[in-house]
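Examining the three-dimensional arrangement
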Amino acid sequence: KNQVEQSPQSLIILEGKNCTLQCNYTVSPFSNLRWYKQDTGRGPVSLTIMTFSENTKSNGRYTATLDADTKQSSLHITASQLSDSASYICVARGGNTPLVFGKGTRLSVIA
Amino acid sequence: DARVTQTPRDKVTEMGQEVTMRCQPILGHNTVFWYRQTMMQGLELLAYFRNRAPLDDSGMPKDRFSAEMPDATLATLKIQPSEPRDSAVYFCASGLSRVGGRDTQYFGPGTRLTVL
């Protein structure tokens with residue numbers, strides 16, 4: 001069954017600290033993996049898209065990694081800011097499926 | 001600054017009523033997606049169009065939901081009759097289909113539906 005599991009469900013960190021969010025997926029055949037940021041009351045916004053041949057991709061303070069062998073991805077946020085408070089959603093795309101969504105990690109950055 | 005627009009932003013209705021949600025994709029995009037988001041289930045794909053043709057609506061309850069693209073600038077999602085369990089935020093997203101499926105999807109602000 002195609003599915004995406006994310007951990008932790010929620011996370012609270014102090015402003016300026018780093019954090020890493022985890023994603024495990026079982027999508028076959030695998031095409032690409034995406035991370036989205038969703039602010040409260042808004043639609044998701046794409047952060048990164050990686051295919052199986054890409055190990056890492058950065059977007060500013062966000063760095064995503066992908067291990068296609070273990071079917072794991074992580075999103076690392078460096079020097080967190082209050083504006084990073086949001087839900088982060090991991091999404092896997094298979095060859096025959098549009099997109100399979102994880103339920104997200106709710107990140108709260110506090111001063 | 002091109003954006004996906006959705007109307008209405010909020011809708012409260014009574015059980016049994018028809019609900020129509022509208023989406024204007026970004027001009028030039030050839031794919032349109034409808035999603036439903038709830039706290040329990042997260043984001044779920046309901047329907048997917050490419051070049052206005054429906055490619056996948058397997059996530060949509062067929063007996064009450066219907067999705068159409070009457071033209072390239074308008075996508076609609078209709079629920080008839082609506083039920084309380086349909087209460088959710090409905091997102092529309094559009095994108096430009098690329099080889100390898102690396103199209104970035106741009107989401108609209110969503111329609112928050114409450115069925116009483």
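Rules used throughout
Residues numbered from 1 in each chain as written. Chains lettered and ligands numbered in written order. Predicted model: local features only at pLDDT ≥ 70, side-chain atom pairs only at ≥ 80, totals over all residues. Heavy atoms only, no water. Pairing = 2+ DSSP bridges. Helix = DSSP H or I, 4+ residues; strand = E, 2+ residues; numbered from the N terminus. Axes fitted to C-alpha atoms, helices over the stretch in contact; angles between N-to-C directions. pLDDT = per-residue confidence, 0-100. Contact = heavy atoms within 4.5 Å. Buried area = accessible area lost by both parts, 1.4 Å probe. Salt bridge = Lys/Arg side-chain N within 4 Å of Asp/Glu carboxyl O. Disulfide = S-S within 2.5 Å. Buried < 20%, exposed > 50% of the residue type's maximum accessible area, 1.4 Å probe, protein only. Phe/Tyr/Trp six-rings, centres within 6.5 Å; stacked < 30°, edge-to-face > 60°. Lys NZ or Arg CZ within 6 Å of the ring centre and 35° of its normal.

**Notes on the sheet that holds strand β8 (residues 74-79) of chain B**
Residue and element names in this part refer to chain B. Pairing within the open sheet is antiparallel, and its four strands lie in the order β1-β3-β8-β7. Pairing within the sheet leaves two strands with one partner each, and these edge strands are β1 (5-7) and β7 (65-71). Looking at each pair of strands side by side, their axes are set apart by 20 degrees on average, direction ignored. Across five bridges, strand β3 (residues 19-24) lies against β8 in antiparallel orientation. Among the inter-strand pairings, Thr 20 is bridged to a residue of β8, identified as Lys 78.

**Regarding the confidence of the model for chain A**
Across chain A, the average pLDDT comes to 93, with 97% of residues at 70 or higher. When mean pLDDT is compared element by element in chain A, strand β8 (residues 72-77) of chain A scores highest at 98, while strand β10 (residues 100-101) of chain A scores lowest at 90.

**Side note on the interface of chain B and chain A**
Taken together, the contact pairs 20 residues of chain B with 20 residues of chain A. For the chain B and chain A pair, buried surface summed over both sides reaches about 1,500 Å², with 52% attributable to carbon and sulfur atoms. Looking at the side of chain B facing chain A, the largest losses of area belong to Leu43(B), Arg102(B) and Phe107(B), adding up to 35% of the total buried there. On the surface where chain B and chain A come into contact, there are zero salt bridges.

**Description of the state of the cysteines**
Cysteine pairs can be covalently joined through their sulfur atoms, and such a bond is termed a disulfide. Residues and elements named next belong to chain A. Summed over the entire model, instances satisfying the criterion amount to two disulfides over all chains. A sulfur-sulfur separation of 2.0 Å characterises the disulfide bridge that pairs Cys 23 with Cys 90. For the disulfide bridge between Cys 23 and Cys 90, the dihedral angle about the S-S bond is near -65 degrees, and by the sign convention the bridge is left-handed. In this pair, Cys 23 is assigned in strand β3 (residues 19-26) and Cys 90 in strand β9 (residues 86-94), connecting sequence segments 67 residues apart. Grouping residues by exposure puts Cys 23 and Cys 90 together as buried.

**A few points about the packing of aromatic side chains**
Enumeration according to the criterion identifies eight aromatic pairs over all chains in this entry. Centre to centre, the rings of Tyr25(A) and Phe30(A) are 4.7 Å apart; their planes meet at 25 degrees, and the pair counts as stacked. The exposure class assigned to Tyr25(A) is buried, which follows from its relative accessible area of 3%. Here Phe33(B) and Tyr35(B) contribute two aromatic rings whose centre-to-centre distance is 6.0 Å and whose plane-to-plane angle is 15 degrees, an arrangement assigned as stacked. Residue Phe33(B) is classed as buried on the basis of its relative accessible area, which comes to 0%. Among the aromatic side chains, those forming a connected cluster through ring pairs are Tyr36(A), Phe101(A), Phe33(B), Tyr35(B), Tyr48(B), Phe91(B) and Phe107(B). The ring of Tyr62(A) has Arg61(A) lying over it, and the distance from NZ or CZ to the ring centre is 5.8 Å.

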